Amino acid sequence: MAKSNDSFQPRPEHKFTFGLWTVGNRGRDPFGDAVRPQMSPEDRVAMLGEVGAWGVNLHDNDLVPIDATPSERDRIVRSFKKSCKENGIVVPMATVNLFFHPVFRDGAFTANDPEVRAYALQKTMQAMDLGAELGAKIFVLWGGREGVETDACRRADDAVKRLREAINYLCEYSMDQRYGFKLALEAKPNEPRGDIYMPTTGHYLALIPTLDHPEMVGVNPEVAHETMAGLNFMHGVAQAWEAGKLFHIDLNDQYPGRYDQDLRFGSANIKSCFWLVKFLEDVGYQGPRHFDAHAYRTEDYEGVKDFARGCMRTYLILKDKAARWNSDKEIQTILKEISADSKGIPKGGKFSKKGASALLAHSFDKDALMEKRLPYERLDQLTVDILLGAR
Ligand code: GLT
Ligand code: MN
Ligand code: MN
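The structure reproduced in this document is the subject of the present report. Since this is a predicted model, take the numbers as computed values, not measurements.

**Structural notes on the coordination of the manganese ion (ligand 3)**
Piece 1. On the protein side, the manganese ion (ligand 3) has Glu222 (OE), His225 (NE2), Asp260 (OD), Asp260 (OD) and Asp262 (OD) as donor atoms, found 2.0 to 2.6 Å from it.
Piece 2. Read in sequence order, the donor residues for the manganese ion (ligand 3) give the motif E-x2-H-x34-D-x1-D.
Piece 3. Separating the manganese ion (ligand 3) and the manganese ion (ligand 2) is a distance of 4.6 Å, and Glu222 donates to both of them. Pair noted here: Glu222 is in the loop between β8 (217-219) and α8 (223-228) and Asp260 is in the loop between β9 (250-251) and α10 (270-283), with a separation of 38 residues, a long-range link.
Piece 4. What makes Asp260 buried here is its relative accessible area of 11%.

Shown next as structure tokens:
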């Protein structure tokens, strides 16, 4: 119920995480150069500690440059671990960058050149080594370059087969090394490719049961990506949750029909973000709340802190609103009424011959059914009242 503003302070149990690439984002876009200076990974970790985050996630090359020697790598990792420890920051998730280097111009696991595919596997295994060393248990795969501008380049079902083969391989590697990773697959419909394979979370949910180790693999849905596809994000999340596949989540915000904006959580569609937070809290999602977003290009690093604090604060405000919604008497009464049971009517449920005969024999009073009110206007307005602080 009504809580003091202190309840909007992030605490470790909220499991708020940020990508190293998010707070370190320098504001480069396809048309303009960086607006913020480079910040070391150690300083980014210190910033996350300062704003009250619980953890940091990273791609291999957010930390270790792609051409680092083994001894450079070890030195970098040592220093990073030290700064995580000093700032009380954990690393729950790691991932691999298979999109930045030009070698991935035709994709990584789905590229036509078998040598590129092999390099992508090697790079991912090394990123898994790095993640495991930092204590990560979730490994995200976002196939940003796995797509096409022209479908002349390959058969789309061959791409699916190549992707499956790569994921199977990586599951075996994780088991062989006893890393205990759960793989979380992240969908996106387009950008940077014209079309990306596995454009939505639903596509990945359909791929997973066809893998050799489906129990190891789930999804990492991102608000912005499903919104770009014009979908109801929470519905996708709910389906993933119901299937036991919500291994991770990328929170941010996005206006539909635009480039991938990765806006501060809750800055564009408060109402959809509310339903999302309410869903996650209602079902008791225990994974990290990861913000894959970045500050406006107009900000300096003080503004990046405002951005990071804002993501967490909005989540906690919406969590509080969800608790108010759940304990609102009028809302609860409406909810009870709209799904009230009419006694003595045969139902569907689990099939039985007897039940089916009873159902077939029953005569339904459609007019009476139409008399039952469905006051969704009122229900929605009550939601809006709560969100706008009028209730
Ligand atoms: C990149 C992308 C994100 C992915 C990251 C993981 S990298 O920033 O836009 O959506 O989650 O590879
Ligand atoms: Mn993401
Ligand atoms: Mn994004």
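**Re helix α9 (residues 233-242)**
Piece 1. Residues of α9 that are buried include every one of Phe233, Met234, Gly236, Val237 and Ala240, and no others. Down the axis of α9, the sector holding all buried residues measures 160°, keeping them to one side. Looking at α9, the residues exposed on the side facing more than 90 degrees away from the buried face are Gln239 and Glu242.
Piece 2. Against the buried residues of α9 lie α7 (201-207), β8, α8 and α10.
Piece 3. For α9, the side-chain oxygen to backbone nitrogen distance between the N-cap and Met234 is 3.1 Å, and the N-cap itself is Asn232.
Piece 4. Looking one or two residues beyond α9, the residue adopting positive phi is Gly244, at roughly 70°.

**Here's the deal with the site of ligand 1**
Piece 1. Around ligand 1 sit Trp21, His59, Thr95, Phe99, Trp142, Glu186, Glu222, His225, Asp250, Asp260 and Asp292, and that is every residue in its neighbourhood.
Piece 2. His59 is positioned such that a nitrogen or oxygen atom in its side chain is 2.7 Å from an oxygen atom of ligand 1.
Piece 3. Side-chain polar atom of Glu186 to an oxygen atom of ligand 1: 2.6 Å apart, as the coordinates give it.
Piece 4. Contact with the protein chains removes 91% of the 310 Å² of surface that ligand 1 exposes when unbound.
Piece 5. Among the residues making up the shell around ligand 1, the classes are represented as three nonpolar, three polar and five charged.

**With respect to empty space enclosed by the protein**
Piece 1. Within this structure, the stated rule accounts for one cavity of 30 Å³ or more.
Piece 2. Size it by volume and the largest cavity reaches roughly 80 Å³.
Piece 3. If you go around the largest cavity, the residues you meet are Val96, Leu98, Phe109, Leu141, Trp142, Gly143, Glu146, Leu163, Ile167, Leu185 and Tyr204.
Piece 4. Only β4 (138-142) and α6 (156-176) provide two or more residues apiece to the lining of the largest cavity.
Piece 5. In terms of residue class, the lining of the largest cavity is made up of nine nonpolar, one polar and one charged.

**Let's talk about the coordination of the manganese ion (ligand 2)**
Piece 1. All of the protein donors around the manganese ion (ligand 2) are Glu186 (OE), Glu222 (OE), Asp250 (OD) and Asp292 (OD); their distances to the metal are 2.0 to 2.2 Å.
Piece 2. Around the manganese ion (ligand 2), the six donor atoms sit at angles spanning 76 to 165°, and that spread fits a shape best called octahedral.
Piece 3. Along the chain, the residues donating to the manganese ion (ligand 2) fall in the pattern E-x35-E-x27-D-x41-D.

**Details of a nonpolar patch on the surface**
Piece 1. The grouping of Leu359, Phe364 and Leu369 at the surface amounts to a nonpolar patch, some 270 Å² of accessible area in total.
Piece 2. By the secondary structure assignment, Phe364 is in the loop between α13 (353-361) and α14 (366-371).

**Things to note about the layout of surface pockets**
Piece 1. For the largest pocket, the calculated volume is near 1,800 Å³.
Piece 2. Contributing to the lining of the largest pocket are 48 residues, with Trp21, Asn25, Arg28, Phe99 and Phe100 lying nearest its centre.
Piece 3. Within the residue set of the lining of the largest pocket, elements represented by two or more residues are α1 (20-23), α2 (41-51), α3 (60-63), β3 (93-95) and β4.
Piece 4. Of the residues forming the lining of the largest pocket, the biggest block, three residues, is contributed by α1.
Piece 5. Per-class residue counts for the lining of the largest pocket are 19 nonpolar, 13 polar and 16 charged.
Piece 6. The computed volume of the second largest pocket comes to approximately 330 Å³.
Piece 7. Lining the second largest pocket are 16 residues, and of these Val64, Pro65, Ile66, Arg73 and Gln126 lie nearest its centre.
Piece 8. Counting residues per element, the ones that place at least two in the lining of the second largest pocket are α3, α4 (70-87) and α5 (114-134).
Piece 9. Top contributing element to the lining of the second largest pocket by residue count: α5, with seven residues.
Piece 10. In the lining of the second largest pocket, the residues fall into eight nonpolar, four polar and four charged.

What counts, and at which threshold
- Residues numbered from 1 in each chain as written.
- Chains lettered and ligands numbered in written order.
- Predicted model: local features only at pLDDT ≥ 70, side-chain atom pairs only at ≥ 80, totals over all residues.
- Heavy atoms only, no water.
- Donors = N, O, S within 2.8 Å, 3.2 Å for Na, K, Ca; no water.
- Helix = DSSP H or I, 4+ residues; strand = E, 2+ residues; numbered from the N terminus.
- Buried < 20%, exposed > 50% of the residue type's maximum accessible area, 1.4 Å probe, protein only.
- Arc of directions from axis to C-beta.
- Contact = heavy atoms within 4.5 Å.
- Polar contact = N/O pair within 3.5 Å; in protein donor to acceptor, adjacent residues only side chain to side chain.
- Near = heavy atom within 4 Å.
- Areas by Shrake-Rupley, 256 points an atom, 1.4 Å probe, with all protein chains shown as cover.
- Nonpolar A, V, L, I, M, F, W, Y, C, P; charged D, E, K, R; others polar.
- 1 Å grid on protein atoms, 1.4 Å probe; cavity = no way out; pocket = protein on both sides within 12 Å on 5 of 7 lines; lining within 4 Å.
- Points joined across faces, edges and corners; volume = space filled by probe spheres on them.
- Tetrahedral: all angles 85-135°; square planar, octahedral: opposite > 155°, others 65-115°.
- Patch = residues over 30% accessible without salt bridge, like charges linked within 9 Å, V, L, I, M, F, W, Y side chains within 5 Å.
- Salt bridge = Lys/Arg side-chain N within 4 Å of Asp/Glu carboxyl O.

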